[in-house]
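Here are the chains, one letter per residue:
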Amino acid sequence: MASGEIIIREAREADLPVLIAMFAADPLGGHGDTIDPEAYPDYVRAFATIAASSTQTLYVAEWDADVVGTFQTMITTSLNARGSSAMIVEAVQTRADLRGQGIGAQMIEFAIAEAKSRGVRLIQLTSNAVRKDAHRFYERLGFKPSHLGFKMALK
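Residues numbered from 1 in each chain as written. Predicted model: local features only at pLDDT ≥ 70, side-chain atom pairs only at ≥ 80, totals over all residues. Heavy atoms only, no water.

S.K.: Could you clarify how one ought to interpret the sheet that holds strand S1 (residues 6-10) in this entry?
M.R.: If you walk across this open sheet you meet the five strands as S1-S2-S3-S4-S5, and the pairing is mixed. Edge positions in the open sheet fall to S1 and strand S5 (122-125), since each of these has one partner strand only. Taking each pair of neighbouring strands and ignoring which way they run, the sheet shows an average axis angle of 25 degrees. Relative to strand S4 (residues 85-94), strand S3 (residues 66-77) runs antiparallel, the two being bridged by eight bridges. Each residue of the ladder has a partner; that of Gly 69, found in S4, is Thr 94. (Pairing = 2+ DSSP bridges. Helix = DSSP H or I, 4+ residues; strand = E, 2+ residues; numbered from the N terminus. Axes fitted to C-alpha atoms, helices over the stretch in contact; angles between N-to-C directions.)

S.K.: I keep staring at the pattern of salt bridges and nothing clicks. Help me out?
M.R.: Note that side chains of opposite charge can pair when their charged atoms are close. Counted by the stated rule, this structure contains seven salt bridges. Here Asp 42 ties to Arg 45 by a salt bridge, and the two come within 2.3 Å at their closest N and O atoms. In this pair, Asp 42 and Arg 45 both sit in helix H2 (residues 40-52), three residues apart, roughly one turn of the helix. Note on Arg 45: relative accessible area 51%, which makes it exposed. Residues participating in the shared-partner salt-bridge network are Arg 9, Asp 15 and Glu 62. (Salt bridge = Lys/Arg side-chain N within 4 Å of Asp/Glu carboxyl O. Buried < 20%, exposed > 50% of the residue type's maximum accessible area, 1.4 Å probe, protein only.)

S.K.: Explain the environment of Asp 42 here, please?
M.R.: For Asp 42, a relative accessible area of 44% corresponds to the partly exposed category. Only 2.3 Å separates the side chain of Asp 42 from the side chain of Arg 45, close enough to count as a polar contact. (Polar contact = N/O pair within 3.5 Å; in protein donor to acceptor, adjacent residues only side chain to side chain.)

S.K.: Explanation requested: the side chain of Thr 70 in the structure shown.
M.R.: Topologically, Thr 70 is positioned in strand S3. Judged by relative accessible area, Thr 70 falls into the buried class, the value being 0%. A polar contact of 2.7 Å, which involves the side chain of Thr 70, links it to the backbone oxygen of Tyr 59. Those residues within four positions of Thr 70 in sequence are excluded, and the remaining contacts are Leu 19, Met 22, Phe 23, Leu 58, Tyr 59, Val 60, Ala 91, Val 92, Gln 93 and Met 107. (Contact = heavy atoms within 4.5 Å.)

S.K.: Help me understand the nonpolar core in this model?
M.R.: One broad trend across soluble globular proteins is that nonpolar side chains are buried collectively. Met 87 and Ile 103 are the most contacted members of the largest nonpolar core, which totals 23 residues. Elements represented by at least two residues in this core include exactly S1, strand S2 (56-63), S3, S4, helix H4 (103-117) and helix H5 (132-140). No other element matches H4, which puts six residues into this core. One finds Leu 19, Ile 20, Ala 39 and Val 60 within the second-largest nonpolar core, a separate group that totals 12 residues. (Core = buried A, V, L, I, M, F, W, Y, C linked by side-chain atoms within 4.5 Å.)

Put into structure tokens, the structure is as follows:
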């Protein structure tokens, strides 16, 4: 990685334009993200919901004062596994021109440390089936493919 330290911090509403642009530029995401100004209120509403939650956190990775990555964590507690909690990591994104620089690894390592500090028993994530590079990345960090996920779009 080039000079400068990666800082992981909670996202601020002012970060939204950069985050939206990262998601919209992702050709594999398929989530309908767009930089169209008409969609901006949707992102503001989502940010407000996340920011108000005690179990969700949206983070950004900053490098030389630029936002270069993002991820979101959610803590969920279930009755099974003796009532333990799990951390779900979602929406992991590194700016396309900076992939392979160690930013993603630092974000995931931060999430793992956060989960451990909260006494979480398990950290889990899903990855689009076509993202073979991402799968190798997560496995290199110690994640194991263990479950088959299912989704149903409701809109």
